[in-house]
Amino acid sequence: MKVILIATMLVASNFCSSQQWITRNGTVEFFSATIVENIEATNEMASGLLANDGRFAFRVPILGFRFEKALMEEHFNENYLESTRFPNGTFEGAIANWSDAFQDGQSHTVKAQGILTIHGIAIEREIESTLKWDGTAWIVQSEFTVLTAAHEIPIPKMVREKIAEEISVDVQMTLSPR
Amino acid sequence: MKTFSTHLILCCSLIFIGWLALSVNEVRGQSLLDELGASELAVHPVYATFKDTRIINVQSNETPGQNVMHFVIAHRFGQINEGAYALWGLDNASMRMALDYGLTDRLCLGIARSTFQKTFESSLKWKALQQKSDDSVPLGITFYAVSMARGDSTYAESADNRTFTNRLSYTYQAIISRKWSEKFSTAIVPSFTHRNLVEFIDNAHDQWTLGAGGRYKLAQRVSLNCEYHFLLKGLKESAQNSLSLGVDIETGGHVFQLHITNSRGMFERAFLTETTGRWRDGALFFGFNLSRVFDF
């Protein structure tokens, strides 16, 4: 009897202890800078989940990117990212140097290792980010680059001087307890 | 009795443990991505049903976005069966220029001028209903209204008829569109055209036409388009049903539409109700639309 009770409590405590933090309105911006044209787009519909063992998942609905020019947005979705076939960009993995001591109000540089999937092409990446606990939520910030060729996003010759091969991405999120 | 309740508790505990173990496994086995649940944008309006605001001659469901100026310059050359002397019609171009401005993402105003009968146009286009990605709204409905004014001096034979009102004609249409797949979109376009002045006394002032159009994407930036307009009773002249075939080529900010059609006029009254060319006679016109957008 006692054994069963203890086992129950153990399993229950294990179950309850897996705390998570979440957002559904994270911001992802990207920039494509060339001599001819600068293109930028903002998405405020990114969602993210962080578990207290350092595992994480981020998801960005590609159709949520807003461009300055309506036609750019349409071309981005129809011709480049093929958003109907590949509706989301995702990054899933774990923080390599995760520590429970991060919840100290200081800014910590972490190495997020995982699989970055854009345009249906999954690539293993290590992305440096900063993580800060503000008392109630995690503030996540990250800047990294994405190579269009690596994700098989075709850029026709005609527009090659307008679209950069290397796209810089800027992520800002506040993850609150789930 | 006591043993029974002990057994009951034991049983319940075992089931509870089993359930907990299962749910933990479920959480562990499931990726964190799955735990995020449905995407914020799982349902969205369908975009890019057609590449341009026209299928060929007829309007598509598309409008320029908000604060976007859409400029179209279009040519129709002479009849292909004019032969080598007129370079198969290329000597003889008729032109139309149009400016459309998106007041919102779904409403636009337009003005245009054709060399054919020196016609001015002013138009209003409204995307009333947008198709949704999950088929909760399976169709798009766009309304288009255009008034056309002949600017030439030969619009009326008798001097009594030469009033401004008699220069005018109107077309109203509903563009019912559906994007079936990434590649294939169609539209059904019932149109009503009213002419204030007709050439002969027994000509009808009003004409209904039923049109159908579609596009099939051959490549990411190239599509094959066609449209057909069937004259529903009314006209007693020798007007023909309008049939056009074309190709859309998109290059960044431009869309080139190249086509062959039996309609020479590029505004609604002309191509819907006054088409004269016959496909079987080779009385066809080669032409193109070239569009460019400007953002404000």
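This structure is a prediction, so every number in the text was calculated from the model and none was measured.

1. Quick word on the overall build of chain B
Now for step 1: Per the secondary structure count, chain B includes three helices and 12 strands.
Now for step 2: Counting the 296 residues in chain B, one finds 46% classified as buried.
Now for step 3: Long-range contacts, defined here as pairs at least 24 residues apart, represent 56% of the contacts in chain B between residues at least 6 apart.
Now for step 4: As displayed, chain B has an accessible area near 14500 Å², and 65% of this comes from carbon and sulfur atoms.

2. Describing the overall build of chain A
Now for step 1: The helix and strand tally for chain A stands at two helices and nine strands.
Now for step 2: Sorting the 178 residues of chain A into buried and exposed places 46% on the buried side.
Now for step 3: In chain A, 59% of the contacts between residues at least 6 apart in sequence involve partners at least 24 apart.
Now for step 4: Counting only carbon and sulfur atoms, one obtains 54% of the accessible surface of chain A, whose full area is about 9200 Å².
Now for step 5: For chain A, the distance from the average site of its 14 positive side-chain charges to the average site of its 23 negative ones is 6 Å.

3. Considerations on the environment of Ala48 of chain B
Now for step 1: Within the secondary structure, Ala48 of chain B is located in the loop between helix 2 (32-35) and strand 1 (68-79).
Now for step 2: Overall, Ala48 of chain B belongs to the buried group, its relative accessible area being 2%.
Now for step 3: The sequence separation of Ala48 of chain B and Ala212 of chain B amounts to 164 residues, and the corresponding C-alpha distance is 18 Å.
Now for step 4: Look past the residues within four positions of Ala48 of chain B in its chain and what remains in contact with it is Glu74 and Glu78 of chain A together with Glu62, Lys179 and Arg215 of chain B.

4. Side note on the pattern of salt bridges
Now for step 1: This structure, assessed with the given rule, holds 18 salt bridges over all chains.
Now for step 2: The partner of Glu73 of chain A in a salt bridge is Arg66 of chain A, and the shortest N-O contact between them spans 3.0 Å.
Now for step 3: According to the relative accessible area criterion, Arg66 of chain A is partly exposed, its value standing at 41%.
Now for step 4: The closest approach of N and O atoms between Arg85 of chain A and Glu82 of chain A, which form a salt bridge, is 3.0 Å.
Now for step 5: A residue is classified by how much of its surface remains accessible, and Arg85 of chain A, at 55% relative accessible area, is exposed.
Now for step 6: Classification of Glu82 of chain A by relative accessible area gives buried; the value is 17%.
Now for step 7: Look at the salt bridges and you will find they share partners, linking Glu78 of chain A together with Lys51, Arg215, Lys217 and Glu250 of chain B into a network.

5. Things to note about the pairing of strand 1 (residues 20-33) of chain A
Regular strands place side chains that alternate from one sheet face to the opposite one.
Residues and elements named next belong to chain A.
Now for step 1: Of the pairings in the sheet, the one linking strand 1 to strand 2 (residues 38-51) comprises 11 bridges and is antiparallel in character. Directly across from Ser32, in strand 2, lies its bridge partner Ile39.
Now for step 2: Taken together, strand 1 and the strand that follows it, strand 2, pair antiparallel across an intervening segment of four residues.
Now for step 3: Two strands pair when backbone bridges link them, and strand 1 and strand 9 (residues 166-177) are joined in this way by seven bridges, in the antiparallel orientation. By the bridge assignment for strand 9, Phe30 is matched with Val169.

6. Considerations on the sheet that holds strand 6 (residues 168-179) of chain B
Now for step 1: Spatially, 1-2-3-4-5-6-7-8-9-10-11-12 (chain B) is the arrangement adopted by the 12 strands of the closed barrel, whose pairing is antiparallel. Along the sheet, successive strands turn relative to each other by an average axial angle of 20°, direction set aside.
Now for step 2: Pairing geometry for strand 1 of chain B and strand 12 (residues 285-295) of chain B, over 10 bridges, is antiparallel. The residue of strand 12 of chain B that forms the bridge with Met69 of chain B is Phe294 of chain B.
Now for step 3: Against the sheet, helix 2 (residues 70-80) of chain A contacts strand 1, strand 8 (206-219), strand 10 (242-251) and strand 12 of chain B, and its axis sits at roughly 90° relative to strand 10 of chain B.

7. Quick word on helix 2 of chain A
Structurally, the α-helix is built with 3.6 residues per turn, so residues lying three or four positions apart point the same way.
Now for step 1: Extensive coverage of helix 2 of chain A is indicated by the burial of nine of its 11 residues.
Now for step 2: Where helix 2 of chain A is buried, its residues touch strand 1, strand 2 and strand 4 (66-67) of chain A together with strand 8 and strand 10 of chain B.
Now for step 3: Of the residues flanking the end of helix 2 of chain A, it is Glu82 of chain A, one or two places downstream, whose phi is positive at about 45°.

8. A closer look at the packing of aromatic side chains
Now for step 1: Within the structure shown, the criterion is met by 17 aromatic pairs over all chains.
Now for step 2: Taken together, Trp21, Trp98, Phe102, Trp133 and Trp138 of chain A form an aromatic cluster joined through their ring pairs.
Now for step 3: Over the aromatic face of Phe120 of chain B sits the side chain of Arg113 of chain B, whose NZ or CZ is 4.7 Å from the ring centroid.
Now for step 4: The lysine or arginine in question, Arg292 of chain B, covers the ring of Phe294 of chain B, its NZ or CZ lying 5.9 Å from the ring centre.

9. Quick notes on the nonpolar core
Now for step 1: Grouped together as the largest cluster of nonpolar side chains are 41 residues, with contacts concentrated most on Phe30, Leu50, Phe65, Phe67, Leu131 and Trp138 of chain A.
Now for step 2: Examining the composition of this core, we find that five residues originate from one element, strand 9 of chain A, more than from any other.
Now for step 3: Here Leu50 of chain A is in contact with Gln19, Gln20, Trp21, Arg55, Phe56, Ile95, Trp98, Trp138 and Leu175 of chain A, once residues within four sequence places are set aside.
Now for step 4: Counting residues in hydrophobic clusters, the runner-up holds 13 residues, among them Phe50, Ile55, Tyr144 and Phe271 of chain B.

Rules behind the numbers
Residues numbered from 1 in each chain as written. Chains lettered and ligands numbered in written order. Predicted model: local features only at pLDDT ≥ 70, side-chain atom pairs only at ≥ 80, totals over all residues. Heavy atoms only, no water. Helix = DSSP H or I, 4+ residues; strand = E, 2+ residues; numbered from the N terminus. Buried < 20%, exposed > 50% of the residue type's maximum accessible area, 1.4 Å probe, protein only. Contact = heavy atoms within 4.5 Å. Areas by Shrake-Rupley, 256 points an atom, 1.4 Å probe, with all protein chains shown as cover. Lys, Arg positive; Asp, Glu negative; His and termini not counted. Charge placed at Lys NZ, Arg CZ, Asp CG, Glu CD. Salt bridge = Lys/Arg side-chain N within 4 Å of Asp/Glu carboxyl O. Pairing = 2+ DSSP bridges. Axes fitted to C-alpha atoms, helices over the stretch in contact; angles between N-to-C directions. Phe/Tyr/Trp six-rings, centres within 6.5 Å; stacked < 30°, edge-to-face > 60°. Lys NZ or Arg CZ within 6 Å of the ring centre and 35° of its normal. Core = buried A, V, L, I, M, F, W, Y, C linked by side-chain atoms within 4.5 Å.

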